[in-house]
Amino acid sequence: MVGDGDRKELTRRGDVLATRRREYDEDDVRVRPGKSSRPRTRTRPRHENAVDGFVIAVDRGRYTCVLPDGGPDAPTVTAMRARELGRKSVVVGDRVGLVGDTSGAPGALARIVRIADRSSVLRRTAEDDATTAEGRLERVVVANADQLVIVSALADPPPRTGFIDRCLVAAYDADIEPLLCLTKADLAGPEAVLDYYTELELPYVLIRPDSALDALRALLAGRVSVLVGHSGVGKSTLVNRLVPEAGRAVGTVSAIGRGRHTSTSAVALRLSPLRLGASGAAPRPGDGDPGWIIDTPGVRSFGLAHVSAESLLHGFPDLVEGTVDCPANCQHTADEADCALDAWVAAGKADPRRLASYRRLLASRSGEGDPREPERNPGDPLAGS
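Numbering of residues starts from 1 in every chain and runs along the sequence as written. Confidence filtering applies because this is a predicted model: local features only for residues at pLDDT of at least 70, side-chain atom pairs given and counted only at 80 or more, and all residues used for totals across whole chains, interfaces and linings. No hydrogens and no water enter the side-chain calculation; it runs on all heavy atoms of the structure.

## A short note on the pairing of strand E10 (residues 147-153)
The element E10 is extensively covered by neighbouring structure, given that seven of its seven residues are classed as buried. The side-chain alternation of E10 yields two buried faces, one formed by Gln147, Val149, Val151 and Ala153 and the other by Leu148, Ile150 and Ser152. A right-handed crossover is one whose linking path, passing over the helix from the first strand to the second, runs clockwise when the strands point away from the viewer. By the criteria applied, helices consist of DSSP H or I runs no shorter than four residues and strands consist of E runs no shorter than two, each listed in order from the N terminus. In this fold, the crossover linking E10 to strand E11 (residues 177-183) by way of helix H2 (residues 161-174) has right-handed handedness. We treat two strands as partners when DSSP finds at least two bridges between them. The pairing of E10 with strand E13 (residues 224-229) spans five bridges and is classified as parallel. Considered in E13, the bridge of Ile150 is made with Val228. Classification of residues uses two cut-offs on accessible area relative to the type maximum, computed with a 1.4 Å probe and protein chains only: under 20% is buried, over 50% is exposed, and between them is partly exposed.

Rendered as structure tokens:
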């Protein structure tokens, strides 16, 4: 018996049935479209019911978020990234859209389906040399920060103006306002550091172990501020004073003047509300917009390979005007014989220490020197202390 699947025709030759193989044509060929060329048959969801969230912590693919209308005691929402986000990264400070279970109940899991446009992105690289893998890899520290609080100790460990300069460049490049926070003011005076940044008119605040934090709270109120500093400068201690319930680990400074890493991941913390004092002048904890602080792990270097030479110059606004008379494509290094910055400094229009610091950063960006040791600048008034 001949089956239908044999694709054969029956013919009669006398009393004997014979078969003849058919010729194939295009009607016999069925082509299944490939997966990549298969037409999309459904509309992707718009997630119009997504609720707004603010990412305060990231841990191994899980994102801790808070809702904008949730109070200080409201439960946090644990979420994961939706596949439709592709390769888009989610970092602390991101404002996102959440769907799913946003109750914050134990075991509940929401999905992040949208990332709002970022108003600012603070980046750094592990190295300054863009020709290396580490130098090309940009690390997003936080998103949507309004203020970069550069925490530096005045003693134990001593202040490092090279690191402060690097943070200033990163802040200017990200269009974030800088604030210099000088800790351990009971151990040394701030005059040398403040004199070094006189021409920048850099806002600052002094912190002592027994001093009130009203002035600092006033500068943090209503903003998202990210704290950056070397290990051992008292950053975690400061965070615990601002947010007692934070419980950030506190370390000690080694005998060689280096701190030990205590914070291991960035986390956003809600500050206590503010209210005006009896005189109406000094703010105190109470009612008002308290703002957020983002505590980051202590870093030993702040690579600037991602910052262009022109952006780097913007970190030194006192030198910008001096480059007007520079020749085209001037690199502004000490080897540039026609660089106008030397004459600008010689005329007393900028501090020579600032030019030395700028050129040192230029050298470190090109891979010269050791970018992991930005402690001292040429001409640093604190050298040898």
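## Focus on the packing of aromatic side chains
Between the rings of Phe, Tyr and Trp (Trp by its six-membered ring), a pair exists once the centres lie within 6.5 Å; its type follows the angle of the planes, with under 30 degrees stacked, over 60 edge-to-face, and the other angles tilted. Scanning all chains against the criterion turns up three aromatic pairs. Each ring, one from Phe54 and one from Trp292, has its centre 5.2 Å from the other, and the planes form 55°; the classification is tilted. Here Phe54, found in strand E3 (residues 51-59), pairs with Trp292, found in strand E17 (residues 292-295); they are 238 residues apart in sequence, far enough to count as distant. Here the two residues Phe54 and Trp292 agree in accessibility, since each one is buried. Positioned above the aromatic ring of Tyr196 is the side chain of Arg354, whose terminal nitrogen or guanidinium carbon lies 5.8 Å from the ring centre. We call a charge positioned over a ring when the NZ of a Lys or the CZ of an Arg lies within 6 Å of the ring centre and within 35 degrees of the ring normal.

## Describing the pairing of E11
In terms of residue burial, E11 counts as a mostly covered element, since six of its seven residues are buried. Remark: the E11/helix H3 (residues 191-196)/strand E12 (residues 204-206) crossover connection has right-handed handedness.

## Focus: the environment of Pro45
By the secondary structure assignment, Pro45 is in the loop between strand E2 (16-21) and E3. Taking the C-alpha atoms as reference points, Pro45 and Val113, separated by 68 residues in sequence, lie 9.8 Å from one another.

## Considerations on the side chain of Ser211
Here Ser211 is to be found in the loop between E12 and helix H4 (214-220). Looking at Ser211, the relative accessible area reads 17%, which means it is buried. A polar atom in the side chain of Ser211 sits 2.9 Å from the backbone oxygen of Arg208. Each polar contact in these results corresponds to two N or O atoms within 3.5 Å; when the atoms are within protein, one needs to be able to donate a hydrogen and the other to accept it, and residues that are neighboring in sequence are counted only if both atoms are side-chain atoms.

## Observations concerning the confidence of the model for the protein chain
Considering every residue of the protein chain, the mean pLDDT works out to 80; 71% of them sit at 70 or more. For every residue, the predictor states its confidence as a pLDDT score lying anywhere from 0 to 100. The contact rule is simple, with two residues in contact once any of their heavy atoms fall within 4.5 Å. The low-confidence segment residues 369-385 (pLDDT under 50) makes 43 contacts with residues lying over four places distant or belonging to another chain.

## Structural notes on the environment of Leu182
Mapping Leu182 onto the fold places it in strand E11. Taking C-alpha positions, Leu182 is 5.0 Å from Leu206, a pair spaced 24 residues apart along the chain. In contact with Leu182, not counting residues within four places along its chain, are Ser152, Leu154, Pro190, Val193, Leu194, Val205, Leu206 and Ile207.

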